[in-house]
Amino acid sequence: GLKNDVKVLKLGHALDTKHSVHIAMEYMGKRLEEISGGKMKVDIYPGGVLGSERESLELLQLGSLDITKVSAAALEGFVEEYKVFGLPYIFKSKEHSYSVLDGPIGKEVLSKGEKYWLQGLCFYDAGARSFYSSVPIRKPEDLAGLKIRVMSSITSFAMVRAMGGSPTPISWGELYTALQGKVVDGAENNPPSFYLSHHYEVCNYYTLNEHTMIPDVLIMSTHALKKLTDQEKEWLTQAVEESVVVQRKEWMKSEQEALESVEKEGVKIIKTDKQPFIDAVQSVYDLYEDNQELSSLIQRIQKADPALLKKEEASDATTLQEETKQN
Amino acid sequence: MELDMLGIVVLIFSFIFFLVIGTPIAYSIGLSAVATMLVSFDTLPAFSTMAQRMATGLESFSLLAIPFFILAGQLMNSGGIAMRLIEFAKVIVGRLPGGLALVNVTANMLFGAISGSAAASASAIGTIMGPRMEKEGYEKSFSAALNVTSATTGLAIPPSNILIVYSLASGGASIAALFLAGYLPGILTGVALMLVAAVYAHKKKYPIAEKVPFRFAVKKFFDAIPSLMMLVVVIGGIIAGLFTATEAAAIAVVYSLILALIYKEVTVKHLPQIIVNTVRTTGMVMLLIAASIGLSWVMSFENIPETVSYALLSLSSDPFVILLIINLALLAVGIFMDMTPAVLIFTPIFLPIVTSQLGLDPIHFGIIMILNLNVGLVTPPVGAVLFIGCSVAKLKIQDLVKPLIPFYIAMFVVLLLVTFIPELSLWIPDLFGY
Amino acid sequence: MNLRQKIDKLLEIFLVVLMSTLVVDVVWQVASRYIFSNPSSFTDELAVFLLIWVGMAGAAYVKGKNEHLAIDILPDKLTPNRKSRLLIFINFLIILFSLTIMVVGGTWLVYTRFQMGQVSSALQVPIGYVYMIVPISGLLMIYYSLDDISQLIKTIKSN
Ligand code: NA
Ligand code: NA
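Residues numbered from 1 in each chain as written. Chains lettered and ligands numbered in written order. Predicted model: local features only at pLDDT ≥ 70, side-chain atom pairs only at ≥ 80, totals over all residues. Heavy atoms only, no water.

Quick note on the threshold: UniProt positions are given in the numbering used here, feature names are shortened, and annotations may be inferred rather than shown by experiment.
According to the UniProt record, the Subcellular location (unreviewed entry) comment for chain B reads "Cell inner membrane".

Take a look at the structure:
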């Protein structure tokens, strides 16, 4: 009959099937089927066939898609809190980002989407974004007069401006040609995207200044979430958590492979001192000066020392759970 | 699984029903898409998802090039530019056997290249060349058949809106590469049509054009230069990296506006009407695109591309045979369907097969698709360019069917060459490093 | 001028303004890169939003002119009266499309955008305004179809 025994979750994302996120999702689907004894299943639609990241979030809200993976940057227009992850050098290191995202702050941000019908399930690693261009960039001054393609967000624009470059909007699809023809002098992205987009063919320098670490986020429609029993939610949570471990491992692998591959293709990788870049972008933080909630969130993230946090994590997490139960 | 099959059945049968009774294609696409959605969704998610897919379907920077090239074409559409190009073509090919017939093809190639519209080309060149050819003894139906088929070459020769639509449907094949890939196949089609025309004219002993004095030829050349410069500005600007393909289209608008104002073909007073005409074509194309994007969402959701590809690959494992089947399927589609919806609906279905199973370059397949559907533009019962060619020649469609046959064969031969010799499409883009 | 002509005229003015803005916007994007070497940050987002408006409002205008591509072999084979009846049915289908997808679906889409407070990434404008053209253009299509139907009924009656 129509009331099927198997609960199928439809998951759409915009990445290639070779991407670490897709691999992790397939693992998640496999595990969910195993844990639930075949009662739950995930259908994955990769490559953006069901829409871009922003469009997929809208579909989650409209109720025609259950789960999607987006960059935290895509969530900025929906849930304000995700904006802070787009700030340059908000995370001091990979360890810092993991401790924040895995800890109470991460859980808090994931749950902020609930009132917008977009419940966050977990964060996936998307590494750090750095500049690549046809001329070497070693310090912020080298960006002077360079047209740098950035994502269409005010934070990205403010960041490149603060460093002295000219931020330029070009759609991702037209970027290869634009770089080749020098419509823009450079762009910025994480190593796997730099490699998979073939932009290394037209940009010979990759500066590992690691200005932003914008995580990927797995988001579920609250319409779909409501249809799950507590037991089913538990199964899903377990499968999701297991997929995070797989994704991080796969991401590290793909990051390293990407860097080795572009180097083999003749790209000069510039390992630079980050401090001048950090100093240059402090004005970007002024964007959120007047926003009480974001300012305090920013401060809490900055204060979250990885070593210190580990001790407090357990107790914080329990209080948060109690709080959400009360709501 | 049963539910999935039900969706496919609803989709196909409702679509055919809507089309056959004469519902506008865009509405037919949207209605059958939403009917299919209602099989697996509640009403509000289904309706609002379709609305969202339609709106976001237009939310693509590359698509902007379409209204811009249409507007540039409208500005170029005045008789003056067509006339200059015809005179220029006469200098180049007028003295060869079948002189005026070759002039017709060449002028169509040039005008189609610039305006990017086969329909505009067929009407602009056909209006002028039809009576001239008739005066020299050509049969009217032959001239009209030649005119409509050669008008389609401008869709392969860049700039070309249909290649932009293909880029969208393919999920982002480079527009610059597609533009460069179109040159040889477009010119080859033109040459094939000229060969057929020359043989025919030779058999019928039609005259060649009178000799043009050298001084005069030089003048004709210089007259045509400003119009031809548009190609240099647009394609050159993209290759040189002055602007992206989309921005090039906006530059084309500015260039053709300046040219039209200088030639006094257009005054500022005419501009609103020209823009309204542009919006008319744009609105038609955009609703088709919007509805098709909605449909392709539904098709992806129902896993239809995979189903079709599975069925196709079970027919044969020979790449040659599969490509031939796809070509014949597209030709059949072209007989009944206009080019834009055909590209939007069938690219997502066939492209994954030819790229992952047959190893074709998406750029190459784009050109195959355009050459293929070009034939459809000049076949009854649904053939936009054929209709326009008939109306300017004041002929009935059935008058053209017989004289069209040798030209169909020429187009089909070129299609096969382009299908099985990838270098014809990919050599020039390779040369420029795409 | 009757109501339909007035609506046509308004739409024309509206579309000419939108289309001109679109051209200026993209030319500005190129110019701001070369002449002022200070690329503007919102031109591409504004351009695609304008395109949605031009496309949707343009589609309604084209329905008004009944110029949307169709295969009209069957209608053309019918007697005038039967043809009118078929055209009434087709207009009914167009109303069905416009009402369900564009008006109902579009309104729900716009309503939820505003309720969720979603804004665009560069211009920071509420996305609801961008999608608003969908239900508006749906209403216009319904108006044109109803007007066509009433005229077709008159034709049938007069025969
Ligand atoms: Na062209
Ligand atoms: Na046809």
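## Overview of the sheet that holds strand S4 (residues 118-124) of chain A
All names here are of chain A. The criterion, for reference: By the convention used here, strands pair only if DSSP detects at least 2 bridges between them. Comment: elements are numbered from the N terminus, with helices defined as DSSP H or I runs of at least four residues and strands as E runs of at least two. What counts as an axis is a line fitted to C-alpha atoms, over the stretch in contact for a helix, and the angles between N-to-C directions run from 0 to 180 degrees. Between two residues, a contact is recorded if the distance between any of their heavy atoms is within 4.5 Å.
Within the open sheet, the five strands sit side by side as S2-S1-S3-S10-S4. Their pairing is mixed. Looking along the sheet, the strands with just one partner apiece sit at the ends: strand S2 (40-45) and S4. With direction set aside, neighbouring strand axes in the sheet form an average angle of 25°. Pairing geometry for strand S3 (residues 67-71) and strand S10 (residues 216-221), over five bridges, is antiparallel. Pairing of Lys 69 across the sheet is with Leu 218, part of S10. Each of S4 and S10 is contacted by helix H5 (residues 104-112), which is oriented at about 145° to S4, the strand it contacts most.

## Structural notes on unusual backbone geometry
We apply this condition: Burial classes follow relative accessibility: with a 1.4 Å probe on protein chains only, a residue under 20% of its type's maximum area counts as buried, one over 50% as exposed, and anything between as partly exposed.
Following B:Pro158, the chain continues into B:Pro159 via a peptide bond in cis, with omega recorded as -10°. Of note, B:Pro159 is situated in the loop between helix H9 (153-156) and helix H10 (161-169). Even without a glycine there, the phi angle at A:Trp117 is positive, about 65°. As for its placement among the helices and strands, A:Trp117 is situated in the loop between H5 and S4. Taking relative accessible area as the criterion, A:Trp117 reaches 19% and is therefore assigned buried. One non-glycine residue, B:Asn303, lies in the positive phi region at around 60°.

## Focus: the sheet that holds strand S8 (residues 186-189) of chain A
Residue and element names in this part refer to chain A. Ordered by their spatial adjacency, six strands build an open sheet running S7-S6-S8-S5-S9-S11, and the pairing between neighbours is mixed. One side of each edge strand has no neighbouring strand; the edge strands of this open sheet are strand S7 (166-168) and strand S11 (268-270). Here the strands of the sheet are splayed against their neighbours by 30° on average, with no regard to which way each runs. Pairing analysis gives three bridges linking strand S6 (residues 147-149) to S7, with the strands arranged parallel. Note that in S7 the partner of Lys 147 across the bridge is Ser 166.

## Topic: the packing of helix H6 (residues 99-115) of chain B against helix H11 (residues 175-204) of chain B
Residues and elements named next belong to chain B. Spelled out, the test is: To sort the angles, those under 35 degrees are grouped as roughly parallel, those over 145 as roughly antiparallel, those from 65 to 115 as roughly perpendicular, and the leftovers as oblique. Throughout, a crossing is termed right-handed when the near helix is turned clockwise from the far one, and left-handed when it is turned anticlockwise from it by less than a right angle. Classes in brief: Ala, Val, Leu, Ile, Met, Phe, Trp, Tyr, Cys and Pro nonpolar; Asp, Glu, Lys and Arg charged; the others, Gly included, polar.
Where H6 meets H11, the axes come as close as 9 Å, and the angle between the chain directions of the two elements is 165°. Here H6 lies roughly antiparallel to H11, going by the angle between them. The element H6 and its partner H11 pack so that their crossing is right-handed. On H11, the residues touching Ala 101, Leu 102, Val 105, Thr 106 and Met 109 of H6 are Gly 186, Ile 187, Gly 190, Met 194, Ala 197 and Ala 198. Within the contact of H6 with H11, the residues separate by chemical class into eight nonpolar, three polar and no charged.

## Observations regarding the interface of chain C and chain B
In plain terms, the rule: Accessible-area loss on putting two parts together, using a 1.4 Å probe and summing over both, is the definition of buried area adopted here. Salt bridge criterion: a side-chain nitrogen from Lys or Arg within 4 Å of a carboxyl oxygen from Asp or Glu. In protein, a polar contact requires one atom able to donate a hydrogen and another able to accept it; more generally it is a pair of N or O atoms within 3.5 Å, and residues adjacent in sequence count only if both atoms are side-chain atoms.
With 54 residues of chain C at the interface, the matching set in chain B holds 57 residues. Of the roughly 4800 Å² buried at the junction of chain C and chain B (both faces included), carbon and sulfur atoms supply 82%. Three residues, C:Leu69, C:Ile71 and C:Phe97, lead the burial of chain C against chain B; their summed loss comes to 15% of the area buried on that side. Run the count over chain C and chain B and you get one salt bridge. For C:Glu67, the salt bridge identified is with B:Arg280, shortest N-O distance 2.9 Å. Our enumeration of links across chain C and chain B arrives at three residue pairs in polar contact (both at pLDDT 80 or more). Residue assignment for the side of chain C that touches chain B shows that the elements contributing at least two residues are helix H1 (3-34), helix H2 (43-64), helix H3 (73-77), helix H4 (80-116) and helix H6 (133-158) of chain C.

## As for the coordination of the sodium ion (ligand 1)
Residue and element names in this part refer to chain B. Note the cut-off: Only nitrogen, oxygen and sulfur atoms qualify as donors, and only when within 2.8 Å of the metal (3.2 Å in the case of Na, K and Ca); with water excluded, sites may look incomplete.
Only Gly 112 (O), Ala 113 (O), Gly 154 (O), Ile 157 (O) and Pro 159 (O) from the protein coordinate the sodium ion (ligand 1), and they sit 2.2 to 3.0 Å from it. Mapped onto the sequence, the donors of the sodium ion (ligand 1) take the spacing G-A-x40-G-x2-I-x1-P. Separated by 41 residues along the polypeptide, Ala 113 in helix H6 and Gly 154 in helix H9 bring together distant segments of the chain. As far as burial versus exposure is concerned, Ala 113 and Gly 154 are alike and both buried.

## Some points on the interface of chain A and chain B
If you look at the interface, chain A gives 23 residues, while chain B gives 27 residues. Together chain A and chain B conceal approximately 1900 Å² of surface at their shared face, both sides included; 53% is due to carbon and sulfur atoms. At the boundary of chain A with chain B, the tally comes to two salt bridges. The salt bridge involving B:Glu59 is made with A:Arg54; its shortest N-O contact spans 2.7 Å. Scanning the region where chain A abuts chain B turns up seven residue pairs in polar contact (both at pLDDT 80 or more). Mapped by element, the contributors of at least two residues to the side of chain A that touches chain B are helix H2 (53-62) and helix H7 (172-180) of chain A. The residue inventory of the side of chain A that touches chain B, partitioned by class, reads 10 nonpolar, seven polar and six charged.

## Some words on the environment of A:Tyr288
Residue and element names in this part refer to chain A. In this fold, Tyr 288 is placed in the loop between helix H11 (275-280) and helix H12 (292-303). Classification of Tyr 288 as buried rests on a relative accessible area of 6%. Residues in contact with Tyr 288, not counting those within four places in the same chain, are Lys 83, Leu 87, Thr 155, Leu 294, Ser 295 and Ile 298.

## What about the side chain of B:Thr36?
Residue and element names in this part refer to chain B. As for its position among the elements, Thr 36 is in helix H2 (residues 25-40). There is a polar contact of 2.7 Å between the side chain of Thr 36 and the backbone oxygen of Ser 32. Those residues in contact with Thr 36, other than ones at most four positions away along the chain, are Gly 7, Val 10, Leu 11, Val 298 and Glu 302.

## Considerations on the confidence of the model for chain A
All names here are of chain A. Here is the rule: Confidence scores here are pLDDT values: one per residue, from the predictor, ranging 0 to 100.
With 92% of its residues at a pLDDT of at least 70, chain A reaches an overall mean of 90. Summarising per-element confidence for chain A, the mean pLDDT is lowest in helix H13 (residues 306-326) (52) and highest in S10 (98). Confidence over residues 319-327 falls short of pLDDT 50; this stretch has three contacts with residues more than four positions distant or in other chains.

## Details of the nonpolar core
We count it as follows: Side-chain atoms within 4.5 Å are what join buried Ala, Val, Leu, Ile, Met, Phe, Trp, Tyr and Cys residues into a set we call a nonpolar core.
Counting residues in each nonpolar core, the largest one holds 272 residues, and the members touching the most others are A:Tyr82, A:Phe85, B:Phe68 and B:Phe365. The element best represented in this core is helix H14 (residues 271-301) of chain B, accounting for 18 residues. Beyond its immediate sequence surroundings of up to four residues, B:Phe68 is in contact with B:Thr246, B:Ala249, B:Ala250, B:Val253, C:Met19, C:Leu22, C:Val23 and C:Val26. Counting 24 residues, the second-largest nonpolar core is a separate cluster that includes A:Met28, A:Met220, A:Val244 and A:Val246.

## Considering the pattern of salt bridges
Enumeration according to the criterion identifies 30 salt bridges over all chains in this entry. A salt bridge links A:Glu108 to A:Arg300, with the nearest nitrogen and oxygen atoms 2.6 Å apart. Here the residue A:Glu108 occupies a position in helix H5, and A:Arg300 occupies one in helix H12, the gap between them amounting to 192 residues. Relative accessible area serves as the criterion here: at 37%, A:Arg300 is assigned to the partly exposed category. Linking A:Lys274 and A:Glu210 is a salt bridge whose minimum nitrogen-to-oxygen distance equals 2.8 Å. You can see A:Lys274 sitting in the loop between S11 and H11 and its partner A:Glu210 sitting in strand S9 (residues 205-212), a full 64 residues away along the chain. For A:Lys274, a relative accessible area of 25% translates into the label partly exposed. Since its relative accessible area comes to 27%, A:Glu210 is described here as partly exposed. Within the structure, one salt-bridge network assembled from shared partners comprises C:Arg4, C:Lys63, C:Asp147 and C:Asp148.

## Points about H10(B)
Residues and elements named next belong to chain B. Among the nine residues of H10, eight are classified as buried, and the element is accordingly described as predominantly covered. Those residues of H10 that are buried lie in contact with helix H4 (65-76), H9, H11, H14, helix H17 (339-357) and helix H18 (362-377). Just beyond H10, the residue with positive phi is Gly 171, at close to 80°.

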